[in-house]
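# Structural features, examined
The primary structure of each chain is shown beneath.
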Amino acid sequence: MFEVLGQGLLANLAPSMLLLVLIGTLSGMALGAMPGLSATMGVALLVPFTFAMDPTSGLVLLGAFYMGAIYGGSFTAILVNAPGTPSSIATALDGYPLTRQGRSEFAIVGATMGSFVGGIIGVIALIFLAPPLASFSLRFGPQEYFWVAVFGLTIIASLASGSLLKGLIGGLLGLLLATVGIAPVGGDVRFTFGEPMLQGGVPLVPALIGLFTIPEVIRLIALRTRDAHMVDETRQKDRLGGMLKEILSRPVNLIRSGIIGTFVGILPGAGGSVANLVAYNEAKRASKHPETYGKGEIDGVVASESANNGTVGGGFIPTLTLGVPGTPPDAIILGVLLLHGLRPGAELFTTSGPLVYTFIIALAVSAVMMVPVGLVAGRGLQRGVMALPVRYLAPGITVLTIIGAYAIRSSVVDVFIMLALGVAAYLLQRVGIGGASIVLGLVLGTIAETGLVQGLLTSSGAEMPWTTFFTRPISLVLIAMCLVSILWPFIQKRRTKTTTAGGQAAVPASQRPDTGEGD
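Residues numbered from 1 in each chain as written. Predicted model: local features only at pLDDT ≥ 70, side-chain atom pairs only at ≥ 80, totals over all residues. Heavy atoms only, no water.

Per an unreviewed UniProt entry, the chain goes by Putative tricarboxylic transport membrane protein and derives from Arthrobacter subterraneus.

Here is the structure:
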């Protein structure tokens with residue numbers, strides 16, 4: 001293995017290959033930063049251009065584009081609260097509050113370093129752990145996927161820092177939206193109101209744009225100003241070095257989130273839209289100050305971006321070893337492999353080892369390139385957006401959102417869905433129900449429903465089919481994780497109260513501040 005790994009490394013050091021990786025990374029970042037144009041769409045659009053290339057160059061270009069697109073979604077998530085890709089949902093939760101505090105450059109640096117570390121962790125796992133991890137993913141049946149979705153839904157308890165009840169209401173609204181269209185199992189048509197375009201369900205990307213971006217546009221128009229501002233750089237010395245030092249001083253969050261993203265990427269169908277939320281929740285749970293999340297916590301940005309780029313390498317593990325795509329873009333790249341006569345499996349690594357390892361190393365090179373390119377391009381974009389007056393910014397964002405919503409299926413209906421959900425999200429925000437919990441319900445609703453129905457059907461021969469959800473070993477582990485995730489916010493709250501009470505008790509009565517109340 002190390003011999004072909006060295007061959008792949010040498011192949012990537014060729015100037016022509018480095019230029020190809022740079023082009024793929026840059027173009028992926030540009031597309032990922034445009035709301036609505038997902039990494040899946042970009043990879044699909046790029047496929048025809050690779051037919052004229054040799055298999056190695058075509059795969060390298062697609063891989064670098066994929067890596068760059070996942071990272072590029074963080075730019076608009078941070079600067080205008082518009083996640084460029086579904087993988088950047090959690091990035092907006094703390095990235096945009098940092099922008100409103102005038103620290104958008106800090107958020108972009110955090111996203112860049114998180115994407116770099118997550119991408120490298122995913123590639124390392126792909127190189128050394130592909131066969132055993134791929135075989136482990138085959139042990140996940142419908143029951144396990146149901147509990148994975150339930151575990152994701154328990155994140156609502158962490159996202160709803162203000163009110164758990166309002167968070168649950170948002171999650172239920174998302175689950176209701178997930179029931180629109182043709183049922184994933186059975187084919188029943190539900191809640192389409194006679195509109196054929198709704199048979200495919202509420203499209204995720206237009207919904208994502210509407211729930212996150214439109215409320216911000218309405219707020220900008222209503223206030224006719226913005227509360228985000230630029231920090232005076234002349235008062236801060238060694239800004240970039242200081243930001244990098246602060247981010248890298250907490251390596252546990254970076255590594256943990258990258259590992260979470262890699263593991264979630266291995267599970268077919270989950271992808272970055274799930275990984276970034278799970279990693280965000282785990283970062284908040286492990287934090288000593290969870291109350292800062294959602295208000296501009298850099299660790300939230302780092303966790304999200306490290307996880308979603310970790311899914312790139314993780315998703316290729318089942319793709320290259322089993323022929324089972326881990327994420328939607330992997331399915332397109334798998335098709336390119338098959339078109340070139342390359343069949344996934346153990347033979348792919350033996351008969352086409354130099355090609356495979358050149359492709360894998362190119363993913364790592366792309367992750368490395370994201371650092372200088374992202375810091376230059378991202379900080380330049382940040383300065384441009386911050387300097388743009390609201391009278392130009394609000395219409396510009398609106399045009400981008402309309403184009404992004406329409407581009408998915410070339411449907412005007414999707415634009416109206418996006419606008420309707422955006423207005424509804426703005427009104428819901430006024431009563432304290434955020435868009436994050438709604439998106440979480442929408443993303444995980446279909447996964448949970450499919451796992452539940454398929455699990456019951458596959459065990460229909462048992463006397464009590466529902467018991468199979470509670471007897472499989474992996475399901476029991478996932479159930480325990482769900483219980484911990486649900487109870488953790490309450491445990492943490494109780495510990496905080498105990499610590500506070502103990503601190504007050506340690507202060508002598510004579511030194512406590514006078515509250516002005518009588519005995």
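### With respect to the pattern of salt bridges
Applying the stated criterion to the full structure yields 5 salt bridges. The residue Arg285 makes a salt bridge to Glu282 at a minimum N-O spacing of 2.4 Å. You can see Arg285 and its partner Glu282 sitting in helix α15 (residues 272–286), 3 residues apart, about one turn around the helix. Its relative accessible area of 12% is what places Arg285 among the buried residues. (Salt bridge = Lys/Arg side-chain N within 4 Å of Asp/Glu carboxyl O. Helix = DSSP H or I, 4+ residues; strand = E, 2+ residues; numbered from the N terminus. Buried < 20%, exposed > 50% of the residue type's maximum accessible area, 1.4 Å probe, protein only.)

### Points about the packing of helix α10 (residues 164–178) against helix α22 (residues 435–458)
Between α10 and α22, whose axes approach to 6 Å, the crossing angle comes to 40°. What the angle tells us is that α10 and α22 run oblique. Between α10 and α22 the crossing geometry is right-handed. Contacts between α10 and α22 pair Gly167, Gly170, Gly171, Gly174, Leu175, Leu177 and Ala178 from the former with Ser437, Ile438, Gly441, Leu442, Gly445 and Thr446 from the latter. Residues belonging to the contact of α10 with α22 are distributed by class as follows: 5 nonpolar, 8 polar and no charged. (Axes fitted to C-alpha atoms, helices over the stretch in contact; angles between N-to-C directions. Parallel < 35°, antiparallel > 145°, perpendicular 65-115°, else oblique. Left-handed = near helix turned anticlockwise from the far one by under 90°. Contact = heavy atoms within 4.5 Å. Nonpolar A, V, L, I, M, F, W, Y, C, P; charged D, E, K, R; others polar.)

### Structural notes on the environment of Ile78
For Ile78, the position within the fold is in helix α4 (residues 55–80). Not counting residues within four places of it along the chain, the set of residues in contact with Ile78 comprises Thr91, Gly95, Tyr96, Thr99, Ser104, Ala107, Ile108, Ala111 and Val301.

### Comments concerning the packing of aromatic side chains
Evaluated as defined, the whole model comprises 8 aromatic pairs. Centroid distance Phe146 to Trp147: 5.1 Å. Interplanar angle 70°. Geometry classified as edge-to-face. According to the relative accessible area criterion, Phe146 is buried, its value standing at 16%. For Trp147, a relative accessible area of 10% translates into the label buried. Aromatic rings pair up to connect Phe146, Trp147, Trp466, Phe469 and Phe470 into one cluster. (Phe/Tyr/Trp six-rings, centres within 6.5 Å; stacked < 30°, edge-to-face > 60°.)

### Re the nonpolar core
One finds Tyr66, Phe316, Leu320, Ile360 and Leu363 to be the most contacted residues of the largest nonpolar core, which totals 79 residues. Per-element accounting of this core gives the leading share, 16 residues, to helix α19 (residues 353–387). With sequence-adjacent residues up to four places away left out, Phe316 is seen in contact with Tyr66, Leu126, Asp330, Ile333, Phe359 and Leu363. In this structure, Val150, Ala279, Val443 and Cys482 belong to the second largest nonpolar core, which totals 54 residues. (Core = buried A, V, L, I, M, F, W, Y, C linked by side-chain atoms within 4.5 Å.)

### Focus on a nonpolar patch on the surface
There is a patch of nonpolar side chains on the surface, built from Leu164, Leu168, Leu483, Ile486, Leu487, Phe490 and Ile491 and spanning about 610 Å² of accessible area. For the nonpolar patch, the secondary structure elements donating two or more residues are α10 and α23 (473–506). Sorting elements by how many residues they give to the nonpolar patch places α23 first, with 5 residues. Assignment of secondary structure puts Leu168 in helix α10. Among the residues examined, Leu168 registers a relative accessible area of 43% and is labelled partly exposed. (Patch = residues over 30% accessible without salt bridge, like charges linked within 9 Å, V, L, I, M, F, W, Y side chains within 5 Å. Areas by Shrake-Rupley, 256 points an atom, 1.4 Å probe, with all protein chains shown as cover.)

### Some thoughts on α10
Taking 1.5 Å of rise per residue, 15 residues should cover 21 Å, and α10 covers 21 Å from first to last C-alpha, within 8% of that figure. Among all positions of α10, only Gly167, Gly170, Gly171, Gly174, Leu177 and Ala178 are buried. Taken around the axis of α10, the buried residues stretch over an arc of 115°, which confines them to a single face. Seen from the buried face of α10, the exposed residues on the opposite side, beyond 90 degrees, are Leu165, Leu172 and Leu176. (Expected span 1.5 Å × (residues − 1). Arc of directions from axis to C-beta.)

### Remarks on the confidence of the model for the chain
Model confidence for the chain is summarised by a mean pLDDT of 80, while 84% of its residues fall at 70 or above. Mean pLDDT values for the elements of the chain range from 66 in helix α9 (residues 156–159) up to 91 in helix α6 (residues 104–128). Here residues 227–238 scores under 50 on pLDDT; set against residues more than four positions off or in separate chains, the count is 20 contacts. pLDDT under 50 marks residues 513–519. Its contacts with residues more than four places away, or in other chains, come to 0 contacts. (pLDDT = per-residue confidence, 0-100.)

### Structural notes on the side chain of Arg190
Its place among the elements puts Arg190 in strand β2 (residues 189–190). We classify Arg190 as buried; its relative accessible area is 19%. Apart from the residues within four sequence positions on either side, Arg190 is in contact with Ala178, Thr179, Val180, Gly181, Ala183, Pro184 and Glu449.

### Some words on the packing of helix α3 (residues 39–50) against helix α17 (residues 328–339)
The contact between α3 and α17 brings their axes to 8 Å, and the two run at 15°. Classified by the angle between their axes, α3 and α17 sit roughly parallel to one another. Between α3 and α17 lies a crossing whose hand is left-handed. Every residue of α17 that contacts α3 at Ala39, Thr40, Val43, Ala44 and Val47 is listed here: Pro328, Pro329, Ile332, Ile333 and Val336. Split by residue class, the contact of α3 with α17 holds 9 nonpolar, 1 polar and no charged.

### Quick look at unusual backbone geometry
Here Phe191, not a glycine, exhibits a phi torsion of approximately 55°, which is positive. Its place among the elements puts Phe191 in the loop between β2 and α11 (204–212).

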